[in-house]
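Descriptive structure summary
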Amino acid sequence: MSQFDEGVRREGSACLKWDERKAVFGRGDVIPLWVADMDFAAPEPVLKALEARVRHGAFGYSGSDPRDVDAVVGWMKRRHGVDVPRDAVLFSPGVVDSLRVAVAAVTKPGDSVVVQTPVYGPFYGAVEAAGCVVRRNPLLNTPDGWMMDFSDLEAAFREGARAILLCSPHNPVGRVWTRAELERVSALARHWGAVIIVDEIHADLEMPGFKNTSILSVDPDAMAFVSATKTFNLAALRHSSALIPNPDRRKAFQDEFNRRGIGGTNLFGALAQRTAYNEGEPWLDELLGYLDGTRRFVEGFLAQRLPMIRPSRLMGTYLMWLDMRALKLGQDELCRFLIEKAGLGMTNGAFFGPEGTGFMRLNIATPRRYVEQAMEQLEKAVKAL
Ligand SMILES: Cc1ncc(COP(=O)(O)O)c(C=O)c1O
């Protein structure tokens, strides 16, 4: 029995994943396996720190606390082996906000920006909101897993792409990029004068056997965005970190940030992040083992009972990318089938771009019994097709 088997009952807590099922899927009773958060309580030390701060009682404007920077720097060193200079650290409400600011800060309207598709939907929005053009660099689905297409990437830079928005680890395909792969991206970007902007929100969620490489240990001129919100289930507290060692790029980011009037840290978000980074490691290590167990269960179930549905190897994130093309359903039909016949609320592959057609994303960060039930329901529905 694991502490994660229990989970938290989230219905009625204004929870997007559970309480908005009817609005999103047209049915309030699907098993919710979609939006990327977890059905687990945050680590006990985080709950205690928040409780104590609530009891303090005064919630007026807060200033900066150097311990918040220490916590991020310490975390990046311990978990990712990278020395992040203290002055490289800025705080932002969310990683998506930061991506939007970063793209606007280093491009001009009309520039093209590379995204490696299929990819987390808001990447497209971040490029378009800056008045830029998405230059797709589709990932290659090979027998050895998902790979970057470096010759196409070089072509994109040669054609003038100003920046690349990297997702590392990659949502939705679950790849943890190797150091060698990131070095190749860095060498190409450097050669062609493009800026590397990296979303590392899933960096701490490494499955056993896979090690995330922070882009900053490869390329100190990159702009990296990290957060404790995925790792420790704190998304609604709205806090994240921007790590930008290059002073010119940091200033451009900060100026754009200020220009938009985004600002002020969330007291509870900052405290939760600091406490999670400082005291959450044992919890995280147990979580990763639990998620890996669920990952193995899903892989085993599909291999034995639904071999036509093929999961990508999950190296990082808790989001499994399922290839359902063999079911031979159109994308809308596939979504309807999963909702109506299987009773499952997964993320539509099309959210990640047209390259996601025929795929669905399964969030396994929930007590395993829900995933077991989901697999049983899926099997029954597929067998009746
Ligand atoms: C790759 C990626 N980036 C960013 C986010 C959202 O980050 P935030 O809530 O900090 O904006 C998510 C959430 O699913 C994500 O998967």
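The shown structure was predicted, so the numbers you read here are calculated from the model rather than taken from an experiment.

Here we look at unusual backbone geometry
Cis geometry marks the peptide bond from T117 to P118; its omega dihedral reads -5°. Within the element layout of this structure, P118 appears in the loop between strand 3 (112-115) and helix 7 (122-129). With omega at -5°, the peptide bond leading from S168 into P169 counts as cis. Looking at the element boundaries, P169 is found in the loop between strand 7 (163-167) and helix 9 (179-192). The backbone of A14 shows a phi angle near 55°, a positive value even though the residue is not glycine. For R238, which is not a glycine, the phi torsion comes out positive at approximately 55°.

What about the pattern of salt bridges?
Scanning the model with the defined rule gives 33 salt bridges in all. Here E281 and R79 are joined by a salt bridge, their closest N and O atoms 3.0 Å apart. Taken as a pair, E281 in helix 13 (residues 281-305) and R79 in helix 5 (residues 66-80) lie far apart in primary sequence, 202 residues in all. Among the salt bridges present, the one from R259 reaches E256, with a minimum N-O distance of 2.8 Å. Placement of the pair is R259 and E256 together in helix 11 (residues 247-259), with a separation of three residues, close to one helical turn. Taking relative accessible area as the criterion, R259 reaches 62% and is therefore assigned exposed. Salt bridges linked by common partners bring R10, K17, D37 and D39 together as one network.

Examining the sheet that holds strand 3
Strand order in the open sheet formed by seven strands is 2-10-9-8-7-3-4, and the pairing between neighbours is mixed. Each edge of the sheet is formed by a strand with only one pairing partner; in this case those strands are strand 2 (89-92) and strand 4 (133-136). The sheet shows a mean angle of 25° between the axes of neighbouring strands, taken without regard to direction. One ladder, built from three bridges, connects strand 3 with strand 7; its direction is parallel. In the sheet register, V113 faces strand 7, and the bridge partner there is A163. Along the sheet face, helix 8 (residues 150-158) touches strand 3, strand 4 and strand 7 and points at about 150° away from the line of strand 4. Contacts from helix 11 reach strand 2, strand 8 (195-199), strand 9 (223-226) and strand 10 (240-243), with the element oriented near 25° to strand 2.

As for the nonpolar core
Here is a general trend for soluble globular proteins: nonpolar side chains tend to be buried in one another's company. Counting 95 residues, the largest nonpolar core has M324 and L378 as its most contacted members. The leading source of residues in this core is helix 13, at nine residues. When residues of this core are assigned to domains, at least three map to each of domain 1 (3-43 + 282-383) and domain 2 (57-279). Beyond its immediate stretch of four places on either side in the chain, M324 contacts I309, L334, L338, M346, G358, F359, M360 and L378. Core analysis: the next-biggest nonpolar cluster, separate from the first, contains 29 residues, V127, C132, A163 and I244 among them.

Describing the packing of aromatic side chains
Note on aromatic pairs: each is described by the distance of the centres and the angle between the planes. Throughout the structure, instances matching the rule amount to 19 aromatic pairs. Each ring, one from F4 and one from W283, has its centre 5.5 Å from the other, and the planes form 75°; the classification is edge-to-face. Separated by 279 residues along the polypeptide, F4 in helix 1 (residues 3-6) and W283 in helix 13 bring together distant segments of the chain. Here F4 matches W283 in class, with each residue buried.

The rules behind the values
- Residues numbered from 1 in each chain as written.
- Predicted model: local features only at pLDDT ≥ 70, side-chain atom pairs only at ≥ 80, totals over all residues.
- Heavy atoms only, no water.
- Helix = DSSP H or I, 4+ residues; strand = E, 2+ residues; numbered from the N terminus.
- Salt bridge = Lys/Arg side-chain N within 4 Å of Asp/Glu carboxyl O.
- Buried < 20%, exposed > 50% of the residue type's maximum accessible area, 1.4 Å probe, protein only.
- Pairing = 2+ DSSP bridges.
- Axes fitted to C-alpha atoms, helices over the stretch in contact; angles between N-to-C directions.
- Contact = heavy atoms within 4.5 Å.
- Core = buried A, V, L, I, M, F, W, Y, C linked by side-chain atoms within 4.5 Å.
- Domains from an automatic or database assignment.
- Phe/Tyr/Trp six-rings, centres within 6.5 Å; stacked < 30°, edge-to-face > 60°.

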